[in-house]
Amino acid sequence: MKTLHVSTRVNGDETDFVCAPDETLLDALRNRIGLTGAKEGCGTGDCGACSVTLNGRLVCSCLVLAAEAEGAEIGTIEGLADGDKLHVLQQSFLDHAALQCGICTPGILVASKALLEKHPEPTDEEVRYWLAGNLCRCTGYDKIIRAVQDAAQKLRSA
Amino acid sequence: MRYAIPKTAAEAASLLMEEAARVLAGGTDLLVQMKSGARSPEVIVDIKHLPGLRDISREDGGFRIGAAVSGAEMQEHADLVAAWPGVVEGVNLIGSTQIQGRATMAGNLCNGSPAADGVPAQIAAQAVVRIVGPKGERDCPVAEIPTGPGKISLGRGEFVASILLPARPERSGDAYLRFIPRTEMDIAVAGAAVNLVLAADGTVDQARVALGAVAPTAMLVEEAGAALVGTKLEQPALDALAKACEAACKPIDDKRGTVEFRTHVAGVLARRAARIAYVRAGGRA
Ligand SMILES: Cc1cc2nc3c(=O)[nH]c(=O)nc-3n(C[C@H](O)[C@H](O)[C@H](O)COP(=O)(O)OP(=O)(O)OC[C@H]3O[C@@H](n4cnc5c(N)ncnc54)[C@H](O)[C@@H]3O)c2cc1C
Ligand code: FES
Ligand code: FES
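A.B. asks: When you look at the confidence of the model for chain B in this model, what are you seeing that I'm missing?
C.D. replies: Detailed conclusions should not be drawn from predicted coordinates in areas where pLDDT is low. Per-chain confidence: chain B averages 96 in pLDDT, with 100% of residues scoring 70 or above. Scoring the predicted complex yields pTM 0.97 and, for the interface, ipTM 0.96.

A.B. asks: Looking at this structure, I do not really get the domain arrangement of chain A. What am I missing?
C.D. replies: All names here are of chain A. Split into domains, chain A comes out as domain 1 (4-79) and domain 2 (88-157). Counting residues at the interface gives twelve residues for domain 1, matched by twelve residues for domain 2. Of the roughly 940 Å² buried between domain 1 and domain 2, counting both surfaces, carbon and sulfur atoms make up 68%. Across the domain 1-domain 2 interface, the total number found is zero salt bridges. Looking at which element gives the most residues to the side of domain 1 that touches domain 2, the answer is strand S3 (residues 51-54), with three residues. Partitioning the side of domain 1 that touches domain 2 into residue classes produces five nonpolar, five polar and two charged.

A.B. asks: Looking at this structure, how should I read the domain arrangement of chain B?
C.D. replies: Much of the literature gives interface size as the accessible area that the parts lose upon coming together. Residue and element names in this part refer to chain B. When its domains are assigned, chain B resolves into domain 1 (2-165) and domain 2 (172-280). Taking only C-alpha atoms into account, the centre of domain 1 sits 24 Å from that of domain 2. Together domain 1 and domain 2 conceal approximately 1,900 Å² of surface at their shared face, both sides included; 60% is due to carbon and sulfur atoms. Applying the counting criterion to the domain 1 and domain 2 interface returns two salt bridges. With its nearest N and O atoms 2.7 Å apart, the salt bridge here joins aspartate 117 to arginine 178. The interface formed by domain 1 and domain 2 holds eleven residue pairs in polar contact (both at pLDDT 80 or more) in total. Counting residues per element, the ones that place at least two in the side of domain 1 that touches domain 2 are helix H5 (85-92), helix H8 (119-124) and strand S8 (146-148). For the side of domain 1 that touches domain 2, the per-class residue count stands at 15 nonpolar, seven polar and two charged.

A.B. asks: Is there a simple way to explain helix H1 (residues 9-16) of chain B in this structure?
C.D. replies: Helical geometry note: an α-helix holds 3.6 residues per turn, so side chains three or four residues apart project in the same direction. Residue and element names in this part refer to chain B. Every buried residue of H1 is listed here: Ala12, Ala13, Leu15 and Leu16. When H1 is viewed along its axis, its buried side chains cluster within an angular range of 160° and face the same direction. On its buried face, H1 is in contact with strand S1 (2-4), strand S2 (21-24), strand S3 (43-46), strand S6 (128-133) and strand S10 (159-165).

Cut-offs and rules
Note that residues are indexed from 1 along each chain, following the sequence as it is written. As they are written, the chains are lettered A onward and the ligands numbered 1 onward, keeping that order. Local features in a predicted model are, by the rule used here, given only for residues with pLDDT of at least 70; side-chain atom pairs are given and counted only at 80 or more, and totals for whole chains, interfaces and linings are based on all residues. Excluded from the side-chain calculation are hydrogens and water; included are all heavy atoms of the structure. For every residue, the predictor assigns a confidence score, pLDDT, that lies between 0 and 100. Note that the domain bounds were set by an automatic or database domain assignment. Contact criterion: two residues are considered in contact whenever any of their non-hydrogen atoms come within 4.5 Å of each other. Here the quantity called buried area is the total loss of accessible area, with a 1.4 Å probe, experienced by two parts when brought into contact, counted for both. Between Lys or Arg on one side and Asp or Glu on the other, a salt bridge is scored when a side-chain nitrogen of the former is within 4 Å of a carboxyl oxygen of the latter. Under the DSSP-based scheme used, a helix requires at least four consecutive residues in state H or I and a strand at least two consecutive residues in state E, with every element numbered from the N terminus. Residues are sorted three ways: Asp, Glu, Lys and Arg are charged, Ala, Val, Leu, Ile, Met, Phe, Trp, Tyr, Cys and Pro are nonpolar, and all the rest, Gly among them, are polar. For this analysis, a polar contact is any N or O atom pair within 3.5 Å, provided that within protein one partner can donate a hydrogen and the other can accept it, and provided that sequence-adjacent residues contribute only side-chain to side-chain pairs. The classification of residues rests on relative accessible area computed with a 1.4 Å probe and restricted to protein chains. Under 20% of the type maximum is buried, over 50% is exposed, and intermediate values are partly exposed. Note: the arc covers the axis-to-C-beta directions of the helix.

This is how it looks when you write it as structure tokens:
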């Protein structure tokens, strides 16, 4: 199989990598660029652990070909914090103990950030529907919803 | 395997003439099928960079939706949602927020699943599919695209470039409902779409009813539409609608729904969708 050369931007940085034509963006992020924040839970679009943004849209990176990243803008969990300063959502997840094993957390944070950019003042129901494609085996979700709502409030008053 | 980004429709058609070539739109079916080994394409033809394929444009009072437009983009188009709420809600039921960021209405159609949520409302809407191939362009009614589970009527080298939702007369409305055992992220056990046009006094003037997941393809049920014409959706009309839907069902029997259950639910969903479409058309329920 011929390898491809892909030029893209990840979290604002110009990034180049080579990949196989059938390689997923998730595998390229993890294995070629060393960004291991996005996780593989299922590989079939069901769990959301691999969530990233592609040209501003929330997507499952396990269902995107790495080759499709050519010329695109990718946003991953690694772009959330500003150096050592955690994003409001990240701090809120810590404050509310909204994670246990943490496998789902990067995907949920990326998805929640995309939600709050679009709907700064969501209802609990809207948060639950928005995050319906992000599965968590540990928390029971309630703490996640509380953490997202607390962050939403802080972001609104910021 | 090769990955190709054609820049013109002619280039896409010629790539698709190659052995084991496959269109890539949102990839939410194709990548899953490649991973499971169900499909092993030799050439992946990414159509998302073809001119016009990402556009929603007005045409003769209707809407032309490019084959690379995602569900999320359809939802954000206020005029489209106002004109065709049922078509958009069918597409928006597909998967999660993440899936909506990628999944296309045309991909939902071309994947050929009998349970595809985006298809019944397109059939009820009389959508017209624009197909491009080695011999140029042709238009085809959406109901003639699916031919069986996983099968569609497109010839070699052909792909869907766009789908036209026609202009709406005054007092029209549509709706789509599906039943799944969960509230999100599941495959329809039955689905029903209803598209109505009302006369000035609120009686139904035109009605089209389509069902999904209860036969080898999504299908129009003419008798079900006929049962509503000339009525204001009184109880006998809704009973006749449900009966016509049940009579048309030829569902599979599996762990997710028995034949009896799927047949019954198709009728129930048609009744409910009809009421929603009626109210959307400005009728008083
Ligand atoms: C987690 C998850 C949940 C899902 N939930 C639902 C659901 O609730 N309801 C539902 O109906 N579906 C569901 N799906 C299936 C899928 O998301 C939809 O069918 C989607 O609309 C497919 O569109 P796509 O653009 O991603 O298609 P792709 O995967 O890109 O393509 C699908 C097939 O159609 C062909 N194709 C695509 N576009 C064209 C074209 N323009 N011309 C010719 N051929 C074409 C491709 O070659 C491929 O064979 C789900 C999938 C996942 C992963
Ligand atoms: S790994 Fe992508 S959705 Fe589960
Ligand atoms: S914290 Fe373990 S899966 Fe969510």
